[in-house]
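Remarks on the overall topology
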Amino acid sequence: MTTEGDAGNLVGPVMRAGEIADAVLEAIREDNEGREVVTEAHASYIRIKVADECVLRYETVGDMLGRTVTRGDIESNMPSFAGFIRTEPDGIRFVAR
Amino acid sequence: MVAEVKGMKTWSGLAKNRRRPSEYEVVTTNLQTRTRHPDQAYELSPAPLLEMNAFYKKNVSESPLQHPDWEGFRDPDEMIYRVYTRIQDQQEQYVDGLLDEHDELGHDAGLSASWLEVLERLYTPRRYLQMALQMGAAYLVQIAPASTITACAGFQDGDEFRWLSRIAYRTRELQMAHPARGFGEGERAHWEEEPAWQGFRALLEKTLATYDWGEHFAALNLVAKPAADEAHRQLGRVARRSDDGLLGLLADNQMRDSERSRRWSAALVAFSLESEGNAGVIRGWIEKWMPLAREAVGAYCGALPEQDDAANAAIGAVEAFHRSLGLDA
Amino acid sequence: MALLEMHEWYDLTRATNWTPAYVDEEALFPPALSDPFGIAVEQWETFDEPYKVSYRDYVETQRDKDIGAYSVKSALARADFFKKASPHWKALLALHFSPIGFAEFHSASAFARMTRFSRAPGMRNMATFGTLDEMRHGQIQMYFAYEFIKHDRVFDWAHKSSKTENWIIISLRHALDDIEHTRDAISAAIMTNFAFEQGFTNLQFIGLSADAAKAGDHTFATMLQSIQTDEARHAQIGTPLISIMIENGRKAEAQRLVDVGFWRIWKQFSALSGISMDYYTPLEFREHSLKEFMHEWVVDQFARNIKALGLDLPWYWDYFLHDIETFHHSQQIGVYIYRATEWWRPIACVSPAERDWLEEKYPGWNDTYGKCWDVVIDNIRQGRFERTVPEVPPLICNMCGLEVTGVAGTGRQVNGRRWNATDFHLDHEGRRYHFCSEPCKWVFELEPARYQGHRSIIDRVLDGTVPPGPDGFYEYMGQSFEERGVCGYDYQWIDGYDPPRAAAAE
Ligand SMILES: [Fe+2]
Ligand SMILES: [Fe+2]
């Protein structure tokens, strides 16, 4: 069991299970190259976590799906996230602080 | 064996209706908790112990505007969230189309120097006015004594932000097309100092500082907002004559939202007239606030170029709205 | 397209502060509604919304969300699902939908307070989306609750509960009105957006959606998560505020707001999510226990944010960790035995297999809560159904409005149940107030004027507000005879549900 606030500063989105979630995971793997991407699957959602900072770029998610992906597509499938969020023109950054 | 389960036709609270409740009624009525006890709008110490309970009591329970059952109010548009986002998405798509098309035609580069000066002084500073209108609608959301009123005000709050955003967008476009001018820089100074805006600024500041819910509704939705929007309609008219067809079209689109506000406002007035005494109260408020509106419209429309009676047209439209409310004794 | 990108023009939407000239600044922004902390307006103007959305983008995204959430299954298929659902799932749906429609809609007003009275322009705009979002949440949940009413009148409470004086509704209104609706824009935002929404809504709206997905209730699962995608956005209003408070020497005040808000909302979720997850969810669909979900969403994910922002964990943290494992178990006993005071059909959910699960998730459960249930079970087995209902009203906390319990199994016997309950009480201005816990008492002591005039349902019985007579209490709470809860399994759960065996009636 975790102790409070001590999950090794893992940050990243919680995605509703489905094709967008799968694409987001692939994209995060690509955009955070060289860093460990931890996943945790639950019945209706999946946690995707990277230490300290996790970058998610809409274009990379779109590449995985073969279609344009917008901020709204991500938001509609992201009921939560760990860490703090920074929306940017081309994607989202999750940071531990 | 499980316990017996029985159904019913509709919400018990709507069962007395003759017709089947609409989706709007099903999802919008009776969601208010503030009107159960005049001293205790909020489930904590009653007035005067808890300041907010004293505030609500003073501004709602003891407002001159009274009705035994505000929850009975219905929005004539029956606007619900999932329809609002659909309609406004369509409207925003249309506006995107306008902006895109005009950008391709090099619209902003073709505007005359004298018209650019008008835009700088009398158009882009409107985002401050929109902010004030947005704040006013937000006050209605939190103070209204029925969820059906809160819903109307909530969509109005969204509409005001819609136009604040579009003005910000246009400001930036104009700034990019004419970087030597003051677009994007000088709006606050114009709003705070330009004589043409001072009437509206006074009207809105005073409206925002009016906390009685009924008077706030009357000052904002029956006077200040219609006046501010009618003045904008006049700007749109003048824009067309100054080869700024884009602003004319944007203003037209904004008036759609403004008219929805007037429809529910008129319906709320009509509903409140079911209770004796309210006609005089509302009339009194309109009479109290109209001089400020006349001054505001006069100053603003008077500053428009080639305005041929824009002020009278704008005030005339506000007065026609008032005549439609059935308030005449 | 030659349209500008949002970041090219967005800053202008938040350059909207001006200096009032025709009324006093204080008349426009009364400190009691706006900012009682006296932080300079230039400081509030540094508010940078972490999650930026334009209106244009908002209406498009939200339209699409609703298309998705409303069309998972046809109304007919949903009706069919509901008819076949077990008393477990029906109780869970009733518990979720009854209080939540009005509570969410009411939150639109809390965001409107921020739009009207905040001095931070970006916050005013984000809060406008918050107002719209909460109207959505109220309306979509009323919509789905309404689909069930043809089959089950219990769902009438989704619509009627807002104005009733039922004790559970009083408890909820007290908490929400306290943190969301009766404070200045800044305090309410820190309490609502940070402590409540970032802290706890994930539990009910994502955690429970996992159970719903397993149960095959895809409409419910999708709706819950869709709602939560809005929360994830507008809940971000809280974090920049905390930073601004800390930078301006108001850390202690921010800390207090978090501590109070977090505690008040925990008590509500403990009962709502605790009972839903550890009891009402059928055993085979349980993804995690409340305790596990709490550790995932709150003890890990949220506590980390508290610390990263430069605040401390609430002073009662150790007690809170203990409360995660205990409070809702006591509440579940109370909710079952006082079932007539509730409008749905409460169920016990302590069949042999369910007890095994509880013991596994909460070691020691059998020796404590299990013992209380043994008494209930024994009475049912003997056919003494009347003895499963207590004779005297419970002691109600003057803060959270829930039953004063404690850990079961030891100590004083009350209504056939033994609690080691400590009666936290306070004598204030001539009367005695009772609390379920030290933090509830602490919240009261911070601002007695805010709470002292409120009477709990039991206070109302004692002072004559509730009419006397056998039906007076129920009528006061808005419950006609048919609206008084009965055991959802008609007592036939004590040996397990499948195959259902009649108990003493055999
Ligand atoms: Fe919500
Ligand atoms: Fe929310």
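The shown structure was predicted, so the numbers you read here are calculated from the model rather than taken from an experiment. (Residues numbered from 1 in each chain as written. Chains lettered and ligands numbered in written order. Predicted model: local features only at pLDDT ≥ 70, side-chain atom pairs only at ≥ 80, totals over all residues. Heavy atoms only, no water.)

**Let's talk about the sheet that holds strand β4 (residues 53-57) of chain A**
Residue and element names in this part refer to chain A. Taking strand neighbours across the sheet as the criterion, the 3 strands line up as β4-β7-β6 in an open arrangement whose pairing is antiparallel. Of all the strands in the sheet, just β4 and β6 (84-88) have a single pairing partner and so form its edges. Across the sheet, the mean angle from the axis of one strand to that of its neighbour is 15°, orientation sign disregarded. With 5 bridges joining them, β6 and strand β7 (residues 91-95) adopt antiparallel strand pairing. (Pairing = 2+ DSSP bridges. Helix = DSSP H or I, 4+ residues; strand = E, 2+ residues; numbered from the N terminus. Axes fitted to C-alpha atoms, helices over the stretch in contact; angles between N-to-C directions.)

**Concerning the pairing of strand β3 (residues 424-428) of chain C**
Side-chain direction in a regular strand flips from residue to residue, so the side chains alternate between the two faces of the sheet. Residues and elements named next belong to chain C. The alternating pattern of β3 places F424, L426 and H428 on a buried face, while none of H425 and D427, on the opposite face, is buried. Across 5 bridges, β3 lies against strand β4 (residues 431-435) in antiparallel orientation. Each residue of the ladder has a partner; that of H428, found in β4, is R431. Count of turn residues in the β3/β4 antiparallel hairpin: 2 residues, of which E429 carries a positive phi of about 45°. (Buried < 20%, exposed > 50% of the residue type's maximum accessible area, 1.4 Å probe, protein only.)

**As for the coordination of the iron ion (ligand 2)**
Residue and element names in this part refer to chain C. E134 (OE), E197 (OE), E231 (OE), E231 (OE) and H234 (NE2) make up the full set of protein donors to the iron ion (ligand 2), lying at 1.9 to 2.4 Å. Counting gaps between the donor residues of the iron ion (ligand 2) yields the pattern E-x62-E-x33-E-x2-H. The metal-metal distance between the iron ion (ligand 2) and the iron ion (ligand 1) is 3.3 Å, with E134 coordinating both. In this pair, E197 is assigned in helix α10 (residues 185-198) and E231 in helix α12 (residues 218-234), connecting sequence segments 34 residues apart. With a relative accessible area of 4%, E231 lands in the buried category. (Donors = N, O, S within 2.8 Å, 3.2 Å for Na, K, Ca; no water.)

**A look at the packing of aromatic side chains**
Any pair of aromatic rings gets described here by the distance separating the centres and the angle formed by the planes. Tallied over the full model, the rule gives 56 aromatic pairs over all chains. Each ring, one from W315 of chain C and one from Y316 of chain C, has its centre 5.3 Å from the other, and the planes form 80°; the classification is edge-to-face. Overall, W315 of chain C belongs to the partly exposed group, its relative accessible area being 44%. The rings of F194, F196, F200, F262, W266, F269, F302, W317 and F320 of chain C are connected pair by pair, giving a single aromatic cluster. Cation over ring: R97 of chain A sits above F84 of chain A, and NZ or CZ is 4.9 Å from the ring centre. (Phe/Tyr/Trp six-rings, centres within 6.5 Å; stacked < 30°, edge-to-face > 60°. Lys NZ or Arg CZ within 6 Å of the ring centre and 35° of its normal.)

**Brief notes about the confidence of the model for chain C**
Residue and element names in this part refer to chain C. In this model, chain C carries an average pLDDT of 93, and 95% of its residues clear a pLDDT of 70 or more. Considering only residues more than four positions removed or in separate chains, one finds that residues 499-506, a stretch of pLDDT under 50, has 11 contacts. Overall fold confidence for the complex sits at a pTM of 0.96, while the interface term, ipTM, reaches 0.98. (pLDDT = per-residue confidence, 0-100. Contact = heavy atoms within 4.5 Å.)

**Some remarks on the coordination of the iron ion (ligand 1)**
All names here are of chain C. Protein-derived coordination of the iron ion (ligand 1) comes from E104 (OE), E134 (OE), H137 (ND1) and E231 (OE), at a distance range of 1.9 to 2.3 Å. What the 4 donor atoms of the iron ion (ligand 1) show is an angle range of 86 to 157° at the metal, which sorts the shape as irregular. In terms of primary sequence, the donors binding the iron ion (ligand 1) are separated according to E-x29-E-x2-H-x93-E. (Tetrahedral: all angles 85-135°; square planar, octahedral: opposite > 155°, others 65-115°.)

**Remarks on the interface of chain C and chain A**
For interface size, the figure often reported is the accessible area lost on association. Counting from both sides, the interface comprises 45 residues of chain C and, opposite them, 36 residues of chain A. Taking both partners together, chain C and chain A bury about 3300 Å²; carbon and sulfur atoms supply 53% of that area. A per-residue breakdown of the area chain C buries against chain A is headed by Y51, Q225 and R304 of chain C, which together make up 20% of the total. Across the contact surface, chain C and chain A share 4 salt bridges. Linking E75 of chain A and K65 of chain C is a salt bridge whose minimum nitrogen-to-oxygen distance equals 2.7 Å. Put simply, chain C and chain A have 19 residue pairs in polar contact (both at pLDDT 80 or more) between them. With 14 residues, the single largest contributor to the side of chain C that touches chain A is helix α15 (residues 290-308) of chain C. (Buried area = accessible area lost by both parts, 1.4 Å probe. Salt bridge = Lys/Arg side-chain N within 4 Å of Asp/Glu carboxyl O. Polar contact = N/O pair within 3.5 Å; in protein donor to acceptor, adjacent residues only side chain to side chain.)

**Structural notes on the interface of chain C and chain B**
With 96 residues of chain C in contact, the opposing surface of chain B contributes 96 residues. Buried surface at the junction of chain C and chain B, summed over both partners, amounts to about 8600 Å²; 63% is from carbon and sulfur atoms. The largest share of the area that chain C buries against chain B comes from W18, Y22 and Y55 of chain C, three residues that together contribute 10% of it. With a shortest N-O distance of 3.1 Å, R36 of chain B and E165 of chain C are connected by a salt bridge.

**Some remarks on the environment of L92 of chain C**
Residues and elements named next belong to chain C. Mapped onto the elements, L92 comes out in helix α6 (residues 87-117). In this structure L92 comes out as buried when scored by relative accessible area, which is 0%. Put simply, L92 and D133 are 41 residues apart on the chain and 24 Å apart in space, counted from C-alpha to C-alpha.

**Comments concerning the arrangement of the chains**
Across the 2 pairs of chains that are in contact, the largest number of contacts falls between chains B and C. The least C-alpha distance between chain A and chain B, which are not in contact, is 13 Å.

**Details of the state of the cysteines**
What is meant by a disulfide is a covalent connection between two cysteines, made through their sulfur atoms. Following the criterion strictly, the structure yields 0 disulfides over all chains and no others. C400 of chain C takes part in no disulfide bond, and the closest cysteine sulfur to it belongs to C436 of chain C, at a distance of 3.8 Å. (Disulfide = S-S within 2.5 Å.)

**Digging into the sheet that holds strand β2 (residues 37-41) of chain A**
Residue and element names in this part refer to chain A. Judged by pairing direction, the sheet is antiparallel, and its 4 strands sit side by side in the order β2-β3-β1-β5 without closing on themselves. If you trace the sheet from one side to the other, it starts and ends with β2 and β5 (80-82), each paired once. On average, adjacent strands in this sheet sit at an angle of 20° to one another, irrespective of strand direction. Relative to strand β3 (residues 45-51), strand β1 (residues 10-16) runs antiparallel, the two sharing 5 bridges. Of the residues in β3, the one forming a bridge with R16 is Y45.

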